[in-house]
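# What the coordinates show
The chain contents come next:
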Amino acid sequence: MAGVLREWLFTTDHKKVGILYLIGSVAAFAVAGIMALLMRAELSAPGPTITANPSQYNVWLYFHGAAMILGFQIPALTGFLANYLVPLQIGAKDVAFPRLNALSVWLFFAGIILALLTFVLPDPPDVMWTGYPPYSEITQGNTAFYSFTVLLLGFASILGGVNFLTTIAFMRAPGMGWNQLNIFTWSVFAAFILQLIFVPVLGTAVTMIMFDKYLGTNFFDPTQGGDVLIYQNLFWFYSHPAVYVIFLPFIGIVFDIVATFARNRIFNYKMVVYGGIGGILLLAGEVWIHHLYVTGMPDWLRVGQMVTTLMISVPVGLMFIGLVGTLYKGSITFNTPMLYALSVIFLMLIGGLTGIPLAVASIDINLSDSYFIPGHFHYVMAVAGTFAIFGGIYYLFPKMTGRMYNEKLGKTSFWITFVGVNLVFFPMMMAGLEGMPRRYWDYSQFPQVEGLHHLMTAGAVLVAIGFFLALVNWIQALFKGQPAGNNPWGSRSLEWTTASPPQHGNFPEIPMLSKDWSPYAYGSSQ
Amino acid sequence: MAEPMKRWLRWAGMVLMLTALSGGMALAQSRVETQRVLPGEWQVEERVIPDNVSGWDHLWEEILIDITVIGVIFALVTFWFLFRYRRRDPDQEGAMPKLSVGQAVGWAVIPVFVFMADDFYLAAQGWQLWNDYRSVPEDRLEIRLESAMWTWDYTYPNGVKTFNELRVPAGKPVLLRMTSRDTIHSHWIPDYRVKEDSMPGRITYIWFMPKVPGEHVVTCAEYCGHLHSRMKGKLIVMAPEAFEAWYEAEGAKLQQAKLETTGGA
Amino acid sequence: MSDGNTESTIDPQVVAIDERAYLGVRLDGHYRLRDAKGQTFTLDRYRGKPLILLFSYYTCDGLCGTINRHLQTLIDGVQRFRPGRDFRVLTISFDKHDTLERIAGFRQRNHLAKRPGWTLAILDNPADIVPLTSSLGVRFFWSYRDRVFVHPNAFIFISPQGRVVRYLYGTLVSPRDVELALIDANWEKISTSGKLLNILAGVCFSYNFKEGRYTVNIPLFAGLGALLLGLVLVTASFVVAKKNLHRREATNG
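Being a predicted model, the structure only gives us computed values, none of them experimental. (Residues numbered from 1 in each chain as written. Chains lettered and ligands numbered in written order. Predicted model: local features only at pLDDT ≥ 70, side-chain atom pairs only at ≥ 80, totals over all residues. Heavy atoms only, no water.)

### Quick notes on the overall build of chain C
Definition in use: Helix and strand definitions here come from DSSP, where helices need a minimum of 4 consecutive H or I residues and strands a minimum of 2 consecutive E residues; each element is numbered from the N-terminal end. In this setup the radius of gyration rests on C-alpha atoms only. A globule is expected at 2.2 Å times the number of residues raised to 0.38. When accessible area is computed with a 1.4 Å probe and restricted to protein chains, residues below 20% of their type maximum are described as buried, those above 50% as exposed, and intermediate ones as partly exposed.
Of regular secondary structure, chain C possesses 9 helices and 11 strands. In terms of overall dimensions, chain C is more spread out than a globule: its C-alpha atoms have a radius of gyration of 25 Å, far above the 18 Å expected for 253 residues. When its C-alpha atoms are laid out on the principal axes, chain C stretches across 100 × 40 × 30 Å. Buried residues in chain C amount to 51% of all 253 residues.

### Observations regarding the environment of Asp 118 of chain B
All names here are of chain B. So the rule is basically this: Throughout, a residue-residue contact means that at least one pair of heavy atoms, one from each residue, lies within 4.5 Å.
Inspection of the secondary structure assignment puts Asp 118 in helix α3 (residues 101-134). Owing to a relative accessible area of 16%, Asp 118 belongs among the buried residues under this scheme. Along the sequence, Asp 118 and Glu 250 sit 132 residues apart, while their C-alpha atoms lie 52 Å from each other. Residues within four places of Asp 118 in sequence aside, it is in contact with Asp 66 and Ile 70.

### Brief notes about a nonpolar patch on the surface
What counts is decided by this rule: Candidate patch residues must exceed 30% relative accessible area and have no salt bridge, after which like charges are joined if within 9 Å and Val, Leu, Ile, Met, Phe, Trp or Tyr side chains if within 5 Å. Note on areas: Shrake-Rupley with a 1.4 Å probe; residue coverage comes only from the protein chains shown. Salt-bridge detection follows one rule: a side-chain nitrogen of Lys or Arg within 4 Å of a carboxyl oxygen of Asp or Glu.
There is a patch of nonpolar side chains on the surface, built from Leu 5, Leu 9, Phe 10 and Trp 106 of chain A and spanning about 420 Å² of accessible area. Mapped onto the elements, Phe 10 of chain A comes out in the loop between α1 (2-9) and α2 (14-42).

### A look at the domain arrangement of chain B
Often, the extent of an interface is quoted as the loss of accessible area upon association of its parts. Residue and element names in this part refer to chain B. Which entries qualify depends on this criterion: Where a domain begins and ends is set by an automatic assignment or by a domain database. Throughout, buried area stands for the accessible area (probe radius 1.4 Å) lost by two parts on being put together, summed over both.
Each assigned domain of chain B is listed here: domain 1 (47-88 + 97-135) and domain 2 (141-264). Using C-alpha coordinates to define each centre, domain 1 is positioned 39 Å away from domain 2. Listed per partner, the contact involves 11 residues of domain 1 and 10 residues of domain 2. Summed over both partners, the interface of domain 1 with domain 2 comes to about 810 Å²; 54% of that surface belongs to carbon and sulfur atoms. Linking domain 1 with domain 2 are 3 salt bridges, by the criterion used here. A salt bridge links Asp 57 to Arg 193, with the shortest nitrogen-to-oxygen separation between them at 2.8 Å. Of all elements in the fold, only α2 (52-84) and α3 reach the threshold of two or more residues within the side of domain 1 that touches domain 2. At 4 residues, α2 tops the list of elements feeding residues into the side of domain 1 that touches domain 2.

### Here we look at the sheet that holds strand β3 (residues 161-163) of chain B
Residue and element names in this part refer to chain B. This is how it is decided: The rule for pairing is simple: two strands pair if DSSP sees at least two bridges between them. What counts as an axis is a line fitted to C-alpha atoms, over the stretch in contact for a helix, and the angles between N-to-C directions run from 0 to 180 degrees.
Taking strand neighbours across the sheet as the criterion, the 5 strands line up as β3-β2-β1-β5-β8 in an open arrangement whose pairing is mixed. Pairing within the sheet leaves two strands with one partner each, and these edge strands are β3 and β8 (204-208). Neighbour-to-neighbour, the strand axes of this sheet turn through a mean angle of 25°, independent of strand direction. In terms of strand pairing, strand β2 (residues 151-155) meets β3 through 3 bridges, oriented antiparallel. Looking at the pairing, Tyr 154 lines up with Thr 162 of β3.

### Some remarks on the pairing of strand β5 (residues 174-180) of chain B
Residue and element names in this part refer to chain B. Of all 7 residues that make up β5, 7 are buried, and the element is covered over most of its length. Burial of β5 is two-sided: the residues Val 174, Leu 176, Met 178 and Ser 180 facing one way and the residues Leu 175, Arg 177 and Thr 179 facing the other way are all buried. Bridge analysis of strand β1 (residues 141-148) against β5 gives 7 bridges, and the strand direction is parallel. Along β5, the bridge assignment pairs Glu 146 with Thr 179.

### Looking at the pattern of salt bridges
Oppositely charged side chains may form a pair once their charged atoms are brought near each other. Per the stated rule, a full pass over the model turns up 31 salt bridges over all chains. A salt bridge links Asp 44 of chain C to Arg 47 of chain C; its shortest N-O distance comes to 3.6 Å. One connected set of salt bridges, linked through shared partners, spans Glu 138, Arg 140 and Glu 142 of chain B together with Arg 26 and Arg 163 of chain C.

### Focus: helix α10 (residues 299-311) of chain A
Which entries qualify depends on this criterion: Expected span of a helix: the number of residues minus one, times 1.5 Å.
With 13 residues, α10 of chain A should cover 18 Å at 1.5 Å per step; its first-to-last C-alpha distance of 18 Å lies within 8% of that length. Residues of α10 of chain A that are buried include every one of Asp 299, Arg 302, Val 303, Gln 305, Met 306, Thr 309, Leu 310 and Met 311 of chain A, and no others. Close packing links the buried residues of α10 of chain A with α9 (269-283), α11 (313-325), α12 (336-359) and α13 (361-367) of chain A together with α3 and β7 (194-198) of chain B.

### Overview of the interface of chain A and chain B
For clarity, the cut-off: Residue polarity is assigned by list, with Asp, Glu, Lys and Arg as charged and Ala, Val, Leu, Ile, Met, Phe, Trp, Tyr, Cys and Pro as nonpolar; anything else, Gly included, falls into the polar class.
On the side of chain B, 74 residues touch chain A, which itself brings 90 residues to the contact. Counting the surface lost from both chain A and chain B, the interface buries some 7,100 Å², and carbon and sulfur atoms represent 67% of this. Among the residues of chain A in contact with chain B, Arg 263, Ile 365 and Asn 366 of chain A are the three that bury the most area, contributing 9% of the side total. Scanning the region where chain A abuts chain B turns up 5 salt bridges. A salt bridge links Arg 134 of chain B to Asp 299 of chain A; the shortest N-O distance between them is 3.6 Å. Secondary-structure elements contributing two or more residues to the side of chain A that touches chain B are α3 (54-89), α5 (135-138), α8 (228-262), α10, α11, α12, α13 and α15 (407-433) of chain A. The dominant element in the side of chain A that touches chain B, judged by the number of residues it contributes, is α11 of chain A, at 8 residues. Tallied by class, residues from the side of chain A that touches chain B come to 52 nonpolar, 25 polar and 13 charged.

### Digging into unusual backbone geometry
Each neighbour pair has its own omega, and for Pro 133 of chain A with Pro 134 of chain A the value is -5°, a cis peptide bond. Pro 501 of chain A follows Ser 500 of chain A through a cis peptide bond whose omega is -10°. Assignment of secondary structure puts Pro 501 of chain A in the segment after β2 (482-483). One non-glycine residue, Asn 268 of chain A, adopts positive backbone phi at about 55°. Looking at the secondary structure, you find Asn 268 of chain A in the loop between α8 and α9. Classification of Asn 268 of chain A as buried rests on a relative accessible area of 8%. Backbone geometry at His 111 of chain C places phi at a positive 55°, although glycine is not the residue there.

### Some words on the side chain of Asp 119 of chain B
The criterion, for reference: In this tally, Lys and Arg are treated as positive and Asp and Glu as negative; His is ignored, and so are the chain termini.
Here Asp 119 of chain B shows up in helix α3. Although Asp 119 of chain B lies buried, it forms no salt bridge, and the closest oppositely charged side chain, Arg 302 of chain A, sits 20 Å away as judged by the N-O distance. Sequence-distant contacts of Asp 119 of chain B, defined by excluding residues within four places in its chain, comprise Leu 310, Met 311, Ser 313 and Val 314 of chain A.

### Observations concerning the interface of chain A and chain C
Definition in use: Each polar contact in these results corresponds to two N or O atoms within 3.5 Å; when the atoms are within protein, one needs to be able to donate a hydrogen and the other to accept it, and residues that are neighboring in sequence are counted only if both atoms are side-chain atoms.
Contacts between chain A and chain C engage 29 residues on the former and 29 residues on the latter. For the chain A and chain C pair, buried surface summed over both sides reaches about 2,300 Å², with 76% attributable to carbon and sulfur atoms. Our count for the chain A to chain C interface comes out at 0 salt bridges. Counting across the interface, chain A meets chain C through 3 residue pairs in polar contact (both at pLDDT 80 or more). Listing elements by their share of the side of chain A that touches chain C, those giving two or more residues are α6 (143-170), α7 (183-215) and α8 of chain A. The element contributing the most residues to the side of chain A that touches chain C is α7 of chain A, with 9 residues. Its residues assigned to classes, the side of chain A that touches chain C comprises 24 nonpolar, 5 polar and no charged.

### Some thoughts on the nonpolar core
The nonpolar side chains of a soluble globular protein tend to be buried, and buried together. Selection rule: What is meant by a nonpolar core is a set of buried Ala, Val, Leu, Ile, Met, Phe, Trp, Tyr and Cys residues, joined one to another through side-chain atoms within 4.5 Å.
Counting residues in each nonpolar core, the largest one holds 271 residues, and the members touching the most others are Phe 247, Phe 250 and Phe 387 of chain A. The biggest single contributor to this core is α8 of chain A, with 25 residues. Those residues in contact with Phe 387 of chain A that lie beyond four places of it in its chain are Tyr 340, Ser 343, Val 344, Leu 347, Phe 414, Thr 417, Phe 418, Val 421 and Phe 467 of chain A. Counting 64 residues, the second-largest nonpolar core is a separate cluster that includes Ile 122, Val 148, Phe 155 and Tyr 169 of chain C.

### Regarding the sheet that holds strand β1 (residues 32-35) of chain C
Residues and elements named next belong to chain C. What the 7 strands build is an open sheet, ordered β2-β1-β5-β4-β3-β8-β9; its pairing is mixed. Unpaired on one side and paired on the other, β2 (40-42) and β9 (164-169) mark the two borders of the sheet. Geometrically, the sheet is characterised by an average inter-axis angle of 35° between neighbouring strands, direction not taken into account. Pairing analysis gives 5 bridges linking strand β8 (residues 154-158) to β9, with the strands arranged antiparallel. Looking at β9, one finds that Phe 155 is bridged to Leu 168. Of the strands in this sheet, β3 (51-56), β4 (88-93), β5 (118-123) and β8 are in contact with helix α3 (residues 63-77), which crosses β3 at around 160°. Relative to the sheet, helix α4 (residues 100-109) contacts β1 and β5, its axis offset from that of β5 by approximately 150°.

### What about the packing of aromatic side chains?
Residues and elements named next belong to chain A. Here is the rule: Pairing of aromatic rings covers Phe, Tyr and the six-membered ring of Trp, with a centre-to-centre limit of 6.5 Å; geometry is then stacked below 30 degrees between planes, edge-to-face above 60, and tilted otherwise.
If you walk through the whole model with that rule in mind, you get 71 aromatic pairs over all chains. Ring geometry for Tyr 340 and Phe 414: centres 5.0 Å apart, planes at 75°, overall edge-to-face. You can see Tyr 340 sitting in helix α12 and its partner Phe 414 sitting in helix α15, a full 74 residues away along the chain. The pair Tyr 340 / Phe 414 is uniform in exposure class, with both members buried. An angle of 65° between the planes, with centres 5.5 Å apart, marks the rings of Tyr 394 and Trp 474 as edge-to-face. Here Trp 474 lies in helix α16 (residues 450-480) and Tyr 394 lies in helix α14 (residues 372-401), a separation of 80 residues in the sequence.

What follows is the structure in structure tokens.
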């Protein structure tokens, strides 16, 4: 037992690091999910219900947002999935810097623990995951925990970035060209470029917040030469690209799942990679002002970024065409991972298309900071991302454990969750149109949205049941699952050519690839 | 190697040219728009007072139709594929046809133009409405707003102050000049489709056109701590005569109070 | 010894301007003024270009003269903008007894005659004085003891649209502050003008209410530095890794 523990604590194996990331991020997901349930309980009726203290609600909301984004989605996608899959997909023995990799996962755990201290501290942070000053500097709450969490997780992410960029660039199996990479590997590459470029900006911004609050500097104090808006600019300068740090890997894993379960080539691979992923990479840094449409930014800036924001629809649209096109003349089965991946198409359609009105500054002037916003971004990023992650976990489950999960339970849990999220987030957008602002602990002045809130709370219960069933499924399958074999899905991608679970070093011998090898070579005489 | 390369380059050249062309056209179009309505918010210009509420509703409906059409097309195609190409035999593999270079480029370029055309169209529409939101009628009531945790303080031109209750006459545009005492708030009047943040150290403006007497909700849209959700106010649109009477009476009361304090000192 | 010192015995705080309440307020354009030549005009005439507005009284030998003269040296130090062409200056009297002759005298004493774009004026209707000054938060009173008006020595920067953009206080300011306040006042135009240096100046400094002058916008530079660090990280990870991995391969093979 102690040996096993030591092995995991000091591991530098990318697969074990990946699984550690999975455990940490799913734990964060569970706690942040409980926060969501508490909030939904509070909002089940107007006026105070389960807490009469709005600050308590604000703390739940803070933790839910910060932990879901920084502690669950980014680590699950760029930590777990990237770590587990990328070296396998490119036919490498490990990542370029295994020890840095181990350091990064432990920094991640430190960040999670720091974030969890929210629940034992006397004055927990209540600054939302955005941490806007001046509020974050004048609040009673301990903003420092927010700053330190961001810094630790950011640093972990930077280490990951250095690792994966170099791994993908220099450690591909002999013969593997750039155009033979899995879409997922490409998306991780792009996501980490964004992460490396922009994380330091966020780190600087939250550090200055901390200096202002605890060391008496005046970076953001408007009475002393500071400017409240410069923080928002710095924050979104990172945090909008961060949306793509989440979006790219999750759409990447969806591509891989869809190709596998449709047993089909990616439709127009180069369009997806260079037009889709490349386009997002180019535009990611030029759209952040759309988060500041109602802050009195100069008109030319708002109008300019309205155009760049709308332009995001071009690369995303190309990816959609690639994704739907991959189904064309395919041979489609509907296993649990495929259901999750297909639902991402649906969720992204709703979420992505509702982003279009929000990109238009004059429409956003009414909808900004209303319930429409959480509705929109939960569809496009939170739920779509989470479903992609869950799909990824189901997809890789036989690879990671060598065992098969229960398909029936998986599908049941999927459908419960799917109905649940739509019950939560579609009414949420409607409540926004009715005039309800976000981050409200009480909505008694909006009697017209009460019915919608009942729906949302009911949906949240379904979501919780669905996710809980998924957890039960995994844990049960971990011990009692049927042996899955090396390649239960019949995939052509490299990760499925080795044993399940793969041994240390991944491949018995490093694969040598020919010029016309492709991870998606279906339908050809293989 | 050389031949496909050349073809690619030719395609790429055409794409660039078309992009430049469509971009230029969109820009020229919007230039025309701006000159017509003047972007500067405070231009002195007599013109019909834009109705931003119906302008907003109209654009919203237009975009809603636009995105619904796109969404339904994608969804129908997806469902059709899922049904048509479901696996019928366990050993069946996909049969994606190999795209020629022309097809591959076409499948990238044509959608790009379709999406961009839609984007530019929406941007131009949005820009026009934006200009309406920004061009304030010259004849207006200017009220100063200072927000604080957790109250809206309004000061009228004659010095009268109200708290969480904004009284305005029907039929006259109202402009709020906003700032904040402590943290950031956002003054939202959902019924008038308008909001803007109020910030310490910065000045922002919104305007709206109350038409008929009635009451509307004012609510805070930027997270501001403990009682964020209780930071609500009322917008009371009054008949012009009733407003005038209230305004004069409050002004007189204020004068009286001033006289008393200076007289007493 | 300057006469200005007699005024300093009264705490200037009593006439301090509550900037928060008046920044962004629009100057009412209907006030009718009269310049030294006796011509009348309304404040509306000053729309279209930034305006530096100051209130003085023309029999004043102390602070008023000092700050009017100080503004001259400040304007001479402004490199980017020329008075008359890019902005205008208007001195208005708040003393209801001031006359055209007094303007002439004040102009003479303070060498203001040959200043381009600088007008000295009185309000045509003395009853307008208090409404105008109080609409900008400027208060003043006659001190019987010192036989002077006590008043704030503020330069008020007005945007081309007639809004109060900035108050700068008399002797604290430098030509750079005046320059930056003028950029602030004309920001809508400057930010789209393509004149990069002006835009940069506007972005890189922010007004410090406590110190009464413009200071460097540090977070902006910190952010830019961080972005640079990010770009370096990306490049460095490729460069360093290429070297390391090659060496590792060499030792392995």
